[in-house]
Amino acid sequence: MTGSLKTSFDPSEVSVIIPVLNEEKAIGVVIDELIQVGIPLENIVVVDGGSTDKTVEIARSKGVKVVMQEGKGKALAVKTGLQYVSTPIVVVMDGDGTYPASAIPLLYSELKKKKCSLVIGARLFGKESQRLIFKIGNKLLTLAFNTLYGTNLRDVLSGMYMGLTDKMREVNYEMKGFSVEVEIASHFANLCDVCEVPIEYRPRIDPKAKKLGVTHGFKIAVDMIKLTWRYNPTFLIFTLGSLLLIPGLILGIWVAYRYYFMGVVHHIKGLAALILVGAGFQSLISAIMALYVKRLERRVYMKIDEIKTLVNSTR
């Protein structure tokens with residue numbers, strides 16, 4: 001774990017939401033670590049998704065808030081937990097023991113220092129913390145997210161992140177399954193600044209309780225495209241249009257090969273290749289321009305938000 005605590009950590013400003021489902025072996029350890037960091041008991045909210053083991057009983061024995069989530073899925077668990085948060089800052093973290101509570105002061109320092117609205121705990125994977133296929137999938141999905149949103153993140157799927165409570169409540173929480181992290185990151189990347197802090201990622205305390213599978217990665221990828229359509233449809237449309245470059249170039253190379261090496265002229269196919277390449281290239285340029293316009297919009301929104309905060313503080 002890296003980073004320096006230049007900002008004094010104030011635990012009273014932070015609440016922690018822990019979505020759980022059958023985590024009886026880990027939830028007690030997670031809560032104990034939060035207490036050691038200094039998070040007040042009343043600021044810890046365990047949101048249970050219908051556990052059939054002793055998860056709820058153990059959490060209640062620790063003296064924290066335990067609430068039953070509305071609906072199913074992690075997204076609705078986070079949305080439910082936000083109803084019980086009264087602090088200006090909130091942390092969401094899994095209840096399986098993979099994320100260290102000791103990283104919270106680092107997230108807090110980054111949020112205050114860089115004035116970010118969302119700080120993601122970018123996982124530093126150990127040899128036994130996650131299987132290779134999941135590491136590869138995470139890198140590919142993060143790369144796709146960075147391409148679609150013009151960000152430079154290393155771990156968009158991290159299950160531990162800190163955000164401003166009022167802005168966290170603005171998220172729609174419509175994505176099902178494990179896409180909630182992408183939905184939250186999409187919302188913040190669209191209009192705010194997203195930062196990262198490298199954190200330790202540990203093996204699950206109870207490996208048998210693992211819920212994320214390989215197929216979930218494909219669902220997350222689809223949801224990522226849906227979210228891009230919501231937040232930046234112009235970029236998505238032109239990006240899809242730029243794919244015309246592929247068949248255009250292939251057809252153009254084939255026509256050129258036939259002409260130069262075989263003396264065969266394909267007027268119609270050559271014209272089609274030129275049209276496809278031209279349309280694809282124009283779409284690519286338009287997609288790049290749409291991305292920079294979105295970045296400009298984000299900066300303008302952040303500046304307006306700063307002005308509003310300054311005006312409210314002077315009243």
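Let us look at the structure shown here.

The rules we used
- Residues numbered from 1 in each chain as written.
- Predicted model: local features only at pLDDT ≥ 70, side-chain atom pairs only at ≥ 80, totals over all residues.
- Heavy atoms only, no water.
- Helix = DSSP H or I, 4+ residues; strand = E, 2+ residues; numbered from the N terminus.
- Buried < 20%, exposed > 50% of the residue type's maximum accessible area, 1.4 Å probe, protein only.
- Polar contact = N/O pair within 3.5 Å; in protein donor to acceptor, adjacent residues only side chain to side chain.
- Right-handed = clockwise from strand over helix to strand, strands pointing away.
- Core = buried A, V, L, I, M, F, W, Y, C linked by side-chain atoms within 4.5 Å.
- Patch = residues over 30% accessible without salt bridge, like charges linked within 9 Å, V, L, I, M, F, W, Y side chains within 5 Å.
- Areas by Shrake-Rupley, 256 points an atom, 1.4 Å probe, with all protein chains shown as cover.
- Salt bridge = Lys/Arg side-chain N within 4 Å of Asp/Glu carboxyl O.
- Phe/Tyr/Trp six-rings, centres within 6.5 Å; stacked < 30°, edge-to-face > 60°.
- Pairing = 2+ DSSP bridges.

**Regarding the side chain of E23**
Turning to step 1, where the next piece is worked out: Turning to its location among the elements, E23 is positioned in the loop between β1 (14-20) and α1 (27-37).
Turning to step 2, where the next piece is worked out: On the basis of relative accessibility, which here comes to 5%, the residue E23 falls in the buried class.
Turning to step 3, where the next piece is worked out: Looking at E23, its side chain comes within polar contact range of the side chain of R204, at 2.8 Å.

**Considerations on the pairing of β1**
Turning to step 1, where the next piece is worked out: Most of β1 is tucked away: seven of the seven residues are buried.
Turning to step 2, where the next piece is worked out: Every second residue of β1 is oriented toward a common face, with V14, V16, I18 and V20 on one face and S15, I17 and P19 on the other, all of them buried.
Turning to step 3, where the next piece is worked out: Handedness of the β1-α1-strand β2 (residues 44-48) crossover: right-handed.

**Focus: the nonpolar core**
Turning to step 1, where the next piece is worked out: Counting 41 residues, the largest nonpolar core has F145, Y161, M168, Y173, I184 and F188 as the members making the most contacts within it.
Turning to step 2, where the next piece is worked out: Listed by contribution, the elements that provide at least two residues to this core are β2, α3 (74-82), β4 (89-92), β5 (118-125), α5 (132-149), α7 (180-191), α8 (215-231) and α11 (267-314).
Turning to step 3, where the next piece is worked out: Judged by nonpolar contacts, the second largest core, of 35 residues, contains V14, I39, V91 and V197.

**Observations concerning a nonpolar patch on the surface**
Turning to step 1, where the next piece is worked out: Side chains of Y257, Y259, Y260, F261, M262 and V265 sit close together on the surface and give an oily, nonpolar patch of about 740 Å² of accessible area.
Turning to step 2, where the next piece is worked out: For Y257, a relative accessible area of 46% corresponds to the partly exposed category.

**Description of the side chain of S158**
Turning to step 1, where the next piece is worked out: Mapped onto the fold, S158 is located in the loop between α5 and β6 (161-164).
Turning to step 2, where the next piece is worked out: Within polar-contact distance, the side chain of S158 engages the backbone nitrogen of M160 at 3.3 Å.

**Remarks on the packing of aromatic side chains**
Turning to step 1, where the next piece is worked out: Inspection of every chain in the model, using the stated rule, returns five aromatic pairs.
Turning to step 2, where the next piece is worked out: Pairing Y99 with Y201 gives two aromatic rings, centres 5.2 Å apart and planes at 65°, and the pair type is edge-to-face. Taken together, the positions of Y99 in the loop between β4 and α4 (104-114) and Y201 in strand β7 (residues 194-201) put the pair 102 residues apart, joining distant regions of the chain. Per residue, the accessibility class of Y99 equals that of Y201, and both read buried.
Turning to step 3, where the next piece is worked out: Ring centres 4.5 Å apart and planes at 25° place the aromatic pair F145 and Y149 in the stacked group. You can see F145 and its partner Y149 sitting in helix α5, four residues apart, about one turn around the helix.

**Concerning unusual backbone geometry**
Turning to step 1, where the next piece is worked out: Phi angles above zero are rare outside glycine, and N22 is one such case at about 55°.
Turning to step 2, where the next piece is worked out: Of note, N22 is situated in the loop between β1 and α1.
Turning to step 3, where the next piece is worked out: The class of N22 is partly exposed, set by a relative accessible area of 26%.
Turning to step 4, where the next piece is worked out: At Y173, a position not held by glycine, the phi torsion is positive, near 55°.
Turning to step 5, where the next piece is worked out: The topology assignment puts Y173 in the loop between α6 (165-168) and α7.
Turning to step 6, where the next piece is worked out: By relative accessible area, which is 4% here, Y173 ends up buried.

**Re the pairing of strand β3 (residues 65-68)**
Turning to step 1, where the next piece is worked out: When β2 meets β3, the two strands line up parallel, connected through four bridges. Paired with V45 across the two strands is K65, which belongs to β3.
Turning to step 2, where the next piece is worked out: Regarding topology, helix α2 (residues 55-61) serves as the crossover connection from β2 to the parallel β3, and that connection is right-handed.

Shape is all these values report; function is a separate question.
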